[in-house]
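Understanding the architecture of this molecule
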Amino acid sequence: MTLARTREPPERGHEHACPCEHHQPGTEGSTMKIGIIGAGNIGGNLTRRLSALGHDVSVANSRGPETLGALAEETGATPVAATEAARGAEVVVVTVPLKSVPDLPAGLFDGAAEGFVVIDTGNYYPRERDGRIDAIEDEGLTESRWTERQIGHPVVKAFNGTYAQDILERPRPAGDPGRLALPVAGDDAAAKERVRSLIDELGFDTVDAGGIDDSWRQQPDTPVYGLRDGVDAVTKALAEASPERPEGFRG
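In what follows, the accompanying structure is described. Residue positions are counted from 1 within each chain, in the order its sequence is given. The predicted origin of the model limits local features to residues at a pLDDT of at least 70 and limits the giving and counting of side-chain atom pairs to 80 or more, whereas totals for whole chains, interfaces and linings rest on all residues. Side-chain measures were taken over the full set of non-hydrogen atoms in the model, leaving aside hydrogen atoms and water.

Turning our eyes to something else, we now look at the packing of helix α2 (residues 41-52) against helix α8 (residues 189-202). To obtain an axis, a line is fitted to C-alpha atoms, over the contacting stretch when the element is a helix, and the angle between two such axes runs from 0 to 180 degrees between their N-to-C directions. Counting from the N terminus, the helices are DSSP H or I runs at least four residues long and the strands are E runs at least two residues long. Orientation of α2 relative to α8, taken along the N-to-C sense of each, is 80°, at an axis distance of 10 Å. Considering the angle they form, α2 stands roughly perpendicular to α8. Along its contact with α2, which presents Leu46, Arg49 and Leu50, the element α8 presents Leu198, Glu201 and Leu202. Amino acid classes used here: Ala, Val, Leu, Ile, Met, Phe, Trp, Tyr, Cys and Pro are nonpolar; Asp, Glu, Lys and Arg are charged; the rest, including Gly, are polar. Across the contact of α2 with α8, the residue classes break down as 4 nonpolar, no polar and 2 charged. Comment on the angle field: the value is read as roughly parallel under 35 degrees, roughly antiparallel over 145, roughly perpendicular from 65 to 115, and oblique elsewhere. The contact criterion used is simple: two residues touch if any of their non-hydrogen atoms lie within 4.5 Å.

The following block contains the structure:
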């Protein structure tokens, strides 16, 4: 059963410990400095996998770096304050509840590398968590377009419909018939390609889901949300999505 049917947000899935260093399929990429803002299930498991692949990962949460000692010890990632996570980073992952995005500190991206890319993993859950966001519901903004406006930087939407444990448990080499595919949306072709390459390195295929104004196709309760399948099925699911926000995901 997929998350689209159960409505269980992917980032609330359980974490599953595994020897991540044993899961390194995908293409060999160059080492990057990556900042992760948010250390929940998705952020924590991306920290595990990206560190295991040899990237220089800094991770932050809302409670301060002193609360991230166990994750740092496990992964070798550097725990930092949120204002420090992007310093020198070529890729920054923003993986916090949507309601918390406006509360992210000013200067969040100060000191980031030139041409840095922001990955947005967020979803809007008005009834379960976030409350009503008028710009999404009344103006028809996609969730990631709204996030862009809050943080003042373009984003690439990815991982928002991914089960957290799959990041650890289901990477596969390129060409493996069991390899899962993830939708990726973004307006900047170069930024989107960088994210797709990173996802390939993590052991997953990708499907280009269009621009950020098209990213409603992968929002909660769409056919692709939580879908565990390959490129063809993900492409089909994106095409079958409706732009009308489901009643269960309205505030």
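Our next topic: the environment of threonine 95. With respect to the element layout, threonine 95 can be found in the loop between β4 (91-94) and β5 (117-120). Whether a residue is buried, partly exposed or exposed follows from its accessible area with a 1.4 Å probe, protein chains only, as a fraction of its type maximum: under 20%, in between, or over 50%, in that order. The exposure class assigned to threonine 95 is buried, which follows from its relative accessible area of 13%. Setting aside residues up to four positions removed in sequence, threonine 95 forms contacts with Ile36, Ile37, Gly38, Ile42, Gly43 and Thr121. Side-chain atoms alone can form a polar contact between residues adjacent in sequence; in general such a contact is a pair of N or O atoms within 3.5 Å, and within protein one must be able to donate a hydrogen while the other accepts it. There is a polar contact of 2.8 Å between the side chain of threonine 95 and the side chain of threonine 121.

On to α2, then. For a helix, the expected span equals 1.5 Å multiplied by the residue count minus one. For α2, built from 12 residues, the straight-helix expectation of 16 Å at 1.5 Å per residue is met to within 8% by its first-to-last C-alpha distance of 16 Å. Most of α2 sits out of view: 11 of its 12 residues are buried. Among the residues of α2, those classed as buried are Asn41, Ile42, Gly43, Gly44, Asn45, Leu46, Thr47, Arg48, Arg49, Leu50 and Ser51. Buried residues belonging to α2 abut β1 (33-37), β2 (56-60), α3 (69-75), β4, α7 (164-169) and α8. Two residues or fewer after α2 comes glycine 54, characterised by a positive phi angle close to 100°.

Before going further, it helps to examine the pairing of strand β8 (residues 205-208). A strand pair is defined by DSSP finding two or more bridges across the two strands. Pairing between strand β7 (residues 181-186) and β8: 4 bridges, direction parallel. By the bridge assignment for β8, valine 184 is matched with aspartate 208. Handedness of a crossover is defined as follows: orient the strands so they point away from the viewer, and if the path from the first strand over the helix to the second runs clockwise, the crossover is right-handed. Since β7 and β8 lie parallel, the crossover through α8 that links them has a hand, and here it is right-handed.

The next thing to look at is the side chain of lysine 157. Turning to its location among the elements, lysine 157 is positioned in strand β6 (residues 156-157). Here serine 144 takes part through its side chain, which lies 3.0 Å from a polar atom of the side chain of lysine 157. Excluding its chain neighbours within four sequence positions, the residues that come into contact with lysine 157 are Asp120, Gly122, Glu143, Ser144, Pro183, Val184, Ala185, Ile212, Ser215 and Gln218.

This paragraph deals with helix α6 (residues 143-151). Of all 9 residues making up α6, 7 are buried, and the element is well covered by its neighbours. Residues of α6 that are buried: Glu143, Ser144, Arg145, Trp146, Thr147, Glu148 and Ile151. On its buried face, α6 sits against β5, α5 (134-137) and β6. Positioned one or two residues after α6, glycine 152 has a phi angle of 70°, which is positive.

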